[in-house]
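# Architecture and fold: a report
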Amino acid sequence: MQRNRTLVRQGAASVTCAYRRDEENMPGSRREVANAKEEGVVFLFNRQPLEIVGENGEVTGVRVVETRMGKPGSDGRRKPEPIEGSEELLAAEAVVIAFGFRPDPPDWFDEFSVETLPSGRVRVAALGNYPFQTTNPKVFAGGDMVRGSDLVVTAVHEGREAAKGIARYLGVI
Ligand SMILES: Cc1cc2nc3c(=O)[nH]c(=O)nc-3n(C[C@H](O)[C@H](O)[C@H](O)COP(=O)(O)OP(=O)(O)OC[C@H]3O[C@@H](n4cnc5c(N)ncnc54)[C@H](O)[C@@H]3O)c2cc1C
């Protein structure tokens, strides 16, 4: 939500936030949505992006389809269902994509024995001599990929602690 407001403050002529569910089923802070509306962000609910459209390497818009709320899926959340024939093009000069908080571990983790938890987050040593050391002793990790979605200050702190762990591992402190 902050990104929408940042775009307004950066001087965008208009900012539209397209979301595939309705307002009631949108996760996130109600207060932030209200604040964004106050700053001029236009919310388009029940619009599912299909394609980013462009010309000569420049974005010109986003093709969206209208949705209606269907039955809940396995996660308990009502699923948006596209309405046939309701596609439209939203004109845009810039597109910011926001699509969730789940980790997406890269293939090389297996090759280098960097273990993940069932959630996909990286397993690290909690305490001990080398904080934030992964299951590959030469790889350290911190921040959202370890803890899940959190705050910038947490990521900065964990980066600093991991740096101490690395320095200890290398025997320089
Ligand atoms: C929409 C949104 C709003 C938020 N608002 C706030 C807020 O108001 N205040 C706040 O404190 N926190 C906020 N957060 C949370 C905050 O952004 C994160 O907690 C923080 O950025 C985590 O830092 P990180 O270094 O762990 O990960 P990231 O900031 O995600 O950094 C990871 C970096 O690694 C790069 N990367 C990924 N894969 C590779 C690869 N294979 N090779 C090289 N580089 C790679 C990525 O491009 C990225 O630059 C928000 C998060 C989101 C998504």
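Here's what I pulled together on the structure shown here. Model, not experiment: these values are computed from the prediction. (Residues numbered from 1 in each chain as written. Predicted model: local features only at pLDDT ≥ 70, side-chain atom pairs only at ≥ 80, totals over all residues. Heavy atoms only, no water.)

N-capping of helix H2 (residues 30-38) is provided by Ser-29, with a side-chain oxygen placed 3.2 Å from the backbone N of Arg-31. Looking one or two residues beyond H2, the residue adopting positive phi is Gly-40, at roughly 105 degrees. (Polar contact = N/O pair within 3.5 Å; in protein donor to acceptor, adjacent residues only side chain to side chain. Helix = DSSP H or I, 4+ residues; strand = E, 2+ residues; numbered from the N terminus.)

A word on the site of the ligand. Near the ligand you find Gln-2, Arg-3, Phe-101, Gly-143, Asp-144, Asp-150, Leu-151, Val-152 and Ala-155, and these make up its full shell. Within the contact set of the ligand, an oxygen atom lies 3.1 Å away from a backbone nitrogen or oxygen of Asp-150. Between the ligand and the protein, one listed contact pairs an oxygen atom with a backbone N or O atom of Val-152 at 2.9 Å. Here the ligand has 1000 Å² of accessible area as a free molecule, and 38% of this is covered by the chains. Those elements that place two or more of their residues in the shell around the ligand are helix H1 (2-9) and helix H5 (152-169). (Near = heavy atom within 4 Å. Areas by Shrake-Rupley, 256 points an atom, 1.4 Å probe, with all protein chains shown as cover.)

Moving on: the pattern of salt bridges. Tallied over the full model, the rule gives 10 salt bridges. Residues Glu-39 and Arg-9 are paired through a salt bridge, measuring 2.6 Å at the closest nitrogen-oxygen approach. Within this pair, whereas Glu-39 is found in the loop between H2 and strand S2 (42-44), its partner Arg-9 is found in helix H1, the two being separated by 30 residues in sequence. Salt-bridge contacts for Lys-164 lead to Glu-161; the nearest nitrogen and oxygen are separated by 2.9 Å. Of this pair, Lys-164 and Glu-161 both sit in helix H5, separated by three residues, roughly a single helical turn. A single network of salt bridges, built from pairs that share partners, joins Arg-5, Arg-9 and Glu-39. (Salt bridge = Lys/Arg side-chain N within 4 Å of Asp/Glu carboxyl O.)

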